[in-house]
Amino acid sequence: MKSLMGKIGWLTVALLGASAVGGIALNRGESINAIWFITAAACVFAIAYRFYAAWIAAKVLVLDETRATPAERFDNGRDFVPTNKWIVFGHHFAAIAGPGPLIGPTLAAQFGYLPGTLWILVGAVLGGCVQDMVTLFFSMRRDGRSLGQMARDELGPVGGFAALIGTFAIMIILIAVLGLVVVNAMKHSPWATSTVAATIPIAMIVGLYMRNIRPGRVLEGSLLGVILLLLAVVSGGWVDHNATLRALFDHEGLPLAWGVIAYGFAAAILPVWLLLAPRDYLSTFMKLGTVILLAIAIAILQPEIKMPALTQFIDGTGPIFGGTLFPFVFITIACGAISGFHALIASGTTPKLLANERDIRMIGYGGMALESFVAIMALIAATVLEPGVYFAINSPAGIVGKEAAAAVATISSWGFPVSVEQMNALARQMGETTLFARTGGAPSLAVGMASIFGNAFGNGMLALWYHFAIMFEAVFILTTLDAGTRVGRFMLQDMLGNFWPKLGQTSWMPSVILTSGIVVGAWGYFLYIGVIDPNGGVNLLWPLFGIANQMLAAIALCVGTGILIKSGKLKHAWITGVPLAWLVLVTTAAAWEKIFSSDIRVGFLAAANNMAAKLAAGVLPPEKAAVAPQLIFNQHLDAWLTMFFIVVLWVIVFDMLRVSARHIAGKPVRPLTESPHIPSRLVEDYVRD
C-alpha cells in the first residue's frame, strides 16, 4: 500500500510539473501567473532528483557508503575534515551560488521569459546537476584532486596542461565580471555602497567572535552576523539622507572598482577564518533565507508576468547585449543551468569535507538544483516588471541615449511604453536618484525583488527592500569573488611551484603576496576595462564570461566522459557526453560569432575596426575619443582570449576522444588513478564541528 501511494504521489507531481511546463511553453499572448514558474521548477527538480539522480548514483557511479572518503583518510584538521553533510551542503551552496543564477536570467529576459525558463529547467537537470555530481564523485575517488590534475592524470600531459592553463585563465574572466556587477550595483548609490562596505567588517567581527570570543559557536556567530547585516541595510538609509555621509559613499564606477580590487587582494592574503569562513556562514543564511522569503512572497502575491514569452530581440538587436537567441541565451544564462565554476568547487574544497559517499547525490545534484531554483526566482523578479521599466534600467546610455527623454522615446518606440515621470517616481520609491542605464542586471533584479516584497508585505518599505536586495546580491557575489581569488592564487602557486618549489608553498608569505597580486592584477584589469566601457561593460564582458564559463563546464564534462569510458561504462557515458556535445556546439558557435561577426554589437574585431575608423575620421565625441585606443585594444584582447579558450577546449576534447578510442580498441592508455577501496571507520551519524 505504501509503495502504491508513493507511485501515485510521484505520478501526481509529474503530471503537475508537465502541466506547468506546458502552460508556460504553450502560452500565447494571454497573461501568465508567476506561480506556474515556481510549480514547474519545484516539480521538475523533485522528479529529477528522486529518479534521474538516484539512477546515476546507483547504476552509473555506484556510490559506496562503506568506503572511506578522502576527508576520513587524510583528516588533518585543516583541509581534510570529515564534516556533517548539512554543513558541507551549506558551504558548497555558498561557494557555487554567485551572481550567475541572479544576473544571467535577468539579462537574458531581453529575449522574453520562455527561452530562459526552458534552458534553466532542461540545462540543470541534464547538464549542470550531472556535471557537479560526477565531478564531485570522481574527485573524491581520486583523493580530492582538482579538475586540472584529474585531466592531467587521466588524459595525459597535453590535455592536462591545456586544462590547467585554461581553467586559470577562465577563472580570471569570471572574477572580473563578478566585480563589474558589484560596481554597477553600487555606482552613485550611497545606500548600496555603505551597506556593501559594512559587510566586510561585519564578516571580520563574526570571524573573531567564532574563533576567539566564542569558539565553535556557529549559530551564535551567524545570528550576530545576520542582525548586523540587517542593521547595515537600515543604517544605509540614514547615510543616504545625511548630506555629509552621503558624499562619502557617492562614487563613480572607477573609484568603486579600485575598492573592489583592494578588497580582493586583502581577502586573498588574510587568514581564511577572518573573512572567507564567516562570509560563507553569513551568505548561506542570507541566500537561503531570502530565496525562501521571495518564494513565499510570490505565492502570496501571485504576480502576473509582464514580459512577453518572446521579444523582437531574439534576432540579435537587443539593447542589453548583442547576439541572436541561439547561441547567446545559452551562454548568458550559465550558472542557472550549467556552470564550469562549480567544477572547481566540486573538485576543490567540497570533496575534502564529505564524510560519506552517499551524500554526493544530495550535495552535488541537489545543490545545483537549488541554485537553478534561485535562477527561476531571478527570472520571475525581472519579468514581473513592466518591460519598459526593465529596458530603461538595463539598457546602456550608449544605446538608448544619455538624456532621460531620449531614452524613454527610444524604448517606447520598441513597443514597451515608459515615461520619465514613471522612472523618476520608481527611483524615489527605491531611494535612488536615478534608475536609468543601471546596467549589469543587479539593479533591475533588486527593483523586481523589492516590488514583490513590497506588494506582499507592504509598500511603505520599498527603499529598504531595494537596498536589502542589493546587499543580498553583493553577499552572493563577494563570497564568490573572494573565494575565487583565493582559489586562483592556489592554482597559480601550484603552477609556479613546478619551476620554483618554494613558490608552491601556500603558507610562504612572499609567495602569497606575489601570486595574490598577479591574480588580482589580472582580473582587476578586466574589471577596469569593463568600468570605462561607455556601454556599461556588460556587452563587452558578459558574453566572454558566459563563453569562458561554459567552456570550463565542457572541460569538466570531457574529464568525466573520459573517466566513465576508461572505467568500462561506455553505455552510460551519454550522461556526460550529451551535455558535452551541446556545450561544445554552443560555445564554438558563440566564440565564432564573437570573433568574426560583422555586427559591431556582437563581433569583437568588428567593434574594434569600427571604433578605429571613427577615431581616425575624428567623429567621436571628446570623452569617447579619449578612451577609444584603450577600448580598441580591449576588443582585440577579448577576441584573442576567446580564440585561446576555444583552442584549449578543442585540444582537451580531441585528447579525450583519442584516449577513449584507444581504450575501446584495447590499446594501452594511462591507468585509472582511482584510489584503492579502504573500509570506513566512521559511524553513520558521525558529526564534527
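Residues numbered from 1 in each chain as written. Predicted model: local features only at pLDDT ≥ 70, side-chain atom pairs only at ≥ 80, totals over all residues. Heavy atoms only, no water.

Secondary structure assignment for the chain yields 27 helices and 0 strands. The C-alpha atoms of the chain give a radius of gyration of 24 Å, which matches the 26 Å a tight globule of 689 residues would have. Structurally, the chain occupies a C-alpha span of about 70 × 65 × 55 Å along its principal axes. Taking all 689 residues of the chain together, 58% fall into the buried category. Long-range pairs, those at least 24 residues apart, make up 82% of the contacts in the chain with a sequence separation of at least 6. Accessible surface, the chain: about 25,600 Å² in total, of which carbon and sulfur atoms supply 68%. (Helix = DSSP H or I, 4+ residues; strand = E, 2+ residues; numbered from the N terminus. Rg over C-alpha atoms; globule rule 2.2 N^0.38 Å. Buried < 20%, exposed > 50% of the residue type's maximum accessible area, 1.4 Å probe, protein only. Contact = heavy atoms within 4.5 Å. Areas by Shrake-Rupley, 256 points an atom, 1.4 Å probe, with all protein chains shown as cover.)

Before going further, it helps to spend a moment on helix α26 (residues 604-617). In this model, α26 (14 residues) spans 20 Å end to end at C-alpha, consistent with the 20 Å of a helix rising 1.5 Å per residue. One or two residues past the end of α26 sits G618, with phi positive at roughly 70 degrees. (Expected span 1.5 Å × (residues − 1).)

Time to look at the packing of aromatic side chains. One pass over the structure, following the stated rule, counts 23 aromatic pairs. Judged by centre distance (5.0 Å) and plane angle (80 degrees), the rings of Y390 and F391 are edge-to-face. By relative accessible area, which is 0% here, Y390 ends up buried. A residue is classified by how much of its surface remains accessible, and F391, at 0% relative accessible area, is buried. Aromatic rings pair up to connect F313, Y390, F391, W414 and F416 into one cluster. (Phe/Tyr/Trp six-rings, centres within 6.5 Å; stacked < 30°, edge-to-face > 60°.)

Within the structure shown, the criterion is met by 11 salt bridges. Here D153 and R145 are joined by a salt bridge, their closest N and O atoms 3.6 Å apart. Relative accessible area serves as the criterion here: at 26%, R145 is assigned to the partly exposed category. What emerges from the salt-bridge pattern is a single network uniting R67, R141, E357 and E674. (Salt bridge = Lys/Arg side-chain N within 4 Å of Asp/Glu carboxyl O.)

Inspection of the secondary structure assignment puts A14 in helix α1 (residues 2-26). Looking at A14, the relative accessible area reads 33%, which means it is partly exposed. Once the C-alpha coordinates of A14 and I47 are considered, the two residues, 33 residues apart in sequence, prove to be 6.9 Å apart.

The omega torsion of the bond from F326 to P327 falls at 10 degrees, within 30 degrees of zero and hence cis. Here P327 shows up in helix α14 (residues 325-332). For V62, which is not a glycine, the phi torsion comes out positive at approximately 55 degrees. Take V62: it is sitting in the loop between α2 (35-60) and α3 (70-73). Despite not being glycine, Q302 has its phi angle at roughly 50 degrees, a positive value. Since its relative accessible area comes to 40%, Q302 is described here as partly exposed.

Moving on, we come to the nonpolar core. Y365, I380, L435, W523, L527 and F645 are the most contacted members of the largest nonpolar core, which has 196 residues in total. The element contributing the most residues to this core is helix α8 (residues 157-186), with 19 residues. Sequence-distant contacts of W523, that is, excluding residues within four places in its chain, are made with I172, I175, A176, V260, I261, G264, L481 and T485. A608, M611, A628 and L631 belong to the second-largest nonpolar core, a separate cluster that totals 7 residues. (Core = buried A, V, L, I, M, F, W, Y, C linked by side-chain atoms within 4.5 Å.)

What follows covers a nonpolar patch on the surface. On the surface, a nonpolar cluster with roughly 380 Å² of combined accessible area is contributed by I292, I296, I300 and F457. For the nonpolar patch, the element with the most residues is helix α13 (residues 276-301), which contributes 3 residues. Within the secondary structure, I292 is located in helix α13. With a relative accessible area of 53%, I292 lands in the exposed category. (Patch = residues over 30% accessible without salt bridge, like charges linked within 9 Å, V, L, I, M, F, W, Y side chains within 5 Å.)

Turning our eyes to something else, we now look at the packing of helix α23 (residues 509-532) against helix α27 (residues 622-664). In the contact formed by α23 and α27, the axes pass within 11 Å of each other and the chain directions differ by 130 degrees. When the axis of α23 is compared with that of α27, the two are oblique. Of the two elements, α23 crosses α27, and the hand of that crossing is left-handed. Between α23, through Y525, F526, I529 and I532, and α27, the contact on the second element is made entirely by Q630, L631, F633, N634, L637, D638 and L641. Classifying every residue of the contact of α23 with α27 gives 8 nonpolar, 2 polar and 1 charged. (Axes fitted to C-alpha atoms, helices over the stretch in contact; angles between N-to-C directions. Parallel < 35°, antiparallel > 145°, perpendicular 65-115°, else oblique. Left-handed = near helix turned anticlockwise from the far one by under 90°. Nonpolar A, V, L, I, M, F, W, Y, C, P; charged D, E, K, R; others polar.)

The subject of this paragraph is the packing of α8 against α23. Each pair of packed helices can be described by the angle between their axes along with the distance between the axes. Where α8 contacts α23, the axes come no closer than 8 Å and their chain directions differ by 50 degrees. Accordingly, the angle class assigned to the pair α8 and α23 is oblique. Here α8 and α23 pass one another in a crossing that is right-handed. Along the contact surface, α8 presents F168, I172, I173, I175, A176, G179, L180 and V183, while α23 presents V519, A522, W523, F526, L527, G530 and V531. The residue makeup of the contact of α8 with α23, split by class, is 13 nonpolar, 2 polar and no charged.

With that settled, the discussion passes to the environment of V206. Structurally, V206 can be placed in helix α9 (residues 190-213). Among the residues examined, V206 registers a relative accessible area of 1% and is labelled buried. Taking the C-alpha atoms as reference, V206 lies 5.5 Å from G221; in sequence the two are 15 residues apart.

Here the focus is the confidence of the model for the chain. In this model, the chain carries a mean pLDDT of 85, and residues with pLDDT of at least 70 account for 92%. Low pLDDT, under 50, characterises residues 684-689; the predicted model gives this stretch 8 contacts beyond four residues in sequence or across chains. (pLDDT = per-residue confidence, 0-100.)

Between its terminal C-alpha atoms helix α21 (residues 442-457) stretches 22 Å, which fits the 22 Å expected from 16 residues at 1.5 Å a residue. Counted residue by residue, α21 has 12 buried out of 16 residues, so it is predominantly covered. Taken residue by residue, α21 has A442, P443, S444, L445, A446, V447, G448, M449, A450, I452, F453 and G454 as its buried positions. G458, located one to two residues past α21, shows a positive phi value of around 125 degrees.

Turning our attention to the state of the cysteines. The tally for this structure, following the rule as stated, stands at 0 disulfides. Not engaged in a disulfide, the cysteine C129 finds its nearest cysteine sulfur in C335; these two sulfurs lie 13 Å apart. By relative accessible area, C129 is classed as buried at 0%. (Disulfide = S-S within 2.5 Å.)

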